[in-house]
Amino acid sequence: MDINLEKEYILTENLVSKKTIIAPTFTNEILSRPDIKLFLTSLITEINNEKCSREFIMEKMKSAKESDSQQVEII
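Nothing here was measured: the structure is a model prediction, and the numbers come from that model. (Residues numbered from 1 in each chain as written. Predicted model: local features only at pLDDT ≥ 70, side-chain atom pairs only at ≥ 80, totals over all residues. Heavy atoms only, no water.)

A. Broad picture of the overall build of the protein. Helix and strand counts for the protein stand at 3 helices and 2 strands. Traced from its N-terminal end to its C-terminal end, the protein shows the element sequence β-β-α-α-α. Here the protein holds 75 residues, and 16% of them are scored as buried. Counting only contacts in the protein whose residues sit at least 6 apart along the sequence, the fraction spanning at least 24 positions is 24%. (Helix = DSSP H or I, 4+ residues; strand = E, 2+ residues; numbered from the N terminus. Buried < 20%, exposed > 50% of the residue type's maximum accessible area, 1.4 Å probe, protein only. Contact = heavy atoms within 4.5 Å.)

Next up, the structure:
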């Protein structure tokens, strides 16, 4: 899977905590792919909540790949 995420998010400041957070600015390319949108939304949330680890990212990527291959098999 090769997706350019250059215009899919911005860094901004949380108004309450004043911490830098990631805000999604998903383009139609991401919005048209619910599985990718869900994956990225989940990942951004975990990063913003400072609960994201390398293991979490790897597990999410593995899960996304399995989901993608299951969809191919269904088709």
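B. Just a nonpolar patch on the surface, in detail. Together, Leu5, Tyr9 and Leu11 line one region of the surface with nonpolar side chains, adding up to about 300 Å² of accessible area. In this structure tyrosine 9 comes out as partly exposed when scored by relative accessible area, which is 40%. (Patch = residues over 30% accessible without salt bridge, like charges linked within 9 Å, V, L, I, M, F, W, Y side chains within 5 Å. Areas by Shrake-Rupley, 256 points an atom, 1.4 Å probe, with all protein chains shown as cover. Salt bridge = Lys/Arg side-chain N within 4 Å of Asp/Glu carboxyl O.)

C. Representation of the side chain of glutamate 8 within the structure. Take glutamate 8: it is sitting in the segment before β1 (9-13). Nearest to the buried, unbridged glutamate 8 among oppositely charged side chains is lysine 7, at 9.0 Å. Apart from residues lying up to four places away in sequence, glutamate 8 is in contact with Pro24, Thr25, Phe26, Thr27 and Ile30. (Lys, Arg positive; Asp, Glu negative; His and termini not counted.)

D. The nonpolar core, seen in detail. One finds Ile22, Phe26, Ile30, Ile36, Phe39, Leu40, Leu43, Ile44, Phe56 and Ala64 forming the largest nonpolar core, which totals 10 residues. Those elements that place two or more of their residues in this core are α2 (34-48) and α3 (54-74). (Core = buried A, V, L, I, M, F, W, Y, C linked by side-chain atoms within 4.5 Å.)

E. Structural view of the environment of isoleucine 21. Of note, isoleucine 21 is situated in strand β2 (residues 20-24). Between the C-alpha atoms of isoleucine 21 and isoleucine 10, which are 11 residues apart in sequence, the distance is 8.4 Å. Other than its neighbours up to four places away in sequence, isoleucine 21 contacts Ile10, Leu11, Thr12, Asn14 and Asn48.

F. Looking closely at unusual backbone geometry. The phi torsion at lysine 18 lies on the positive side, around 65°, for a residue other than glycine. Here lysine 18 shows up in the loop between β1 and β2. Residue class for lysine 18 comes out exposed when judged on its relative accessible area of 51%.

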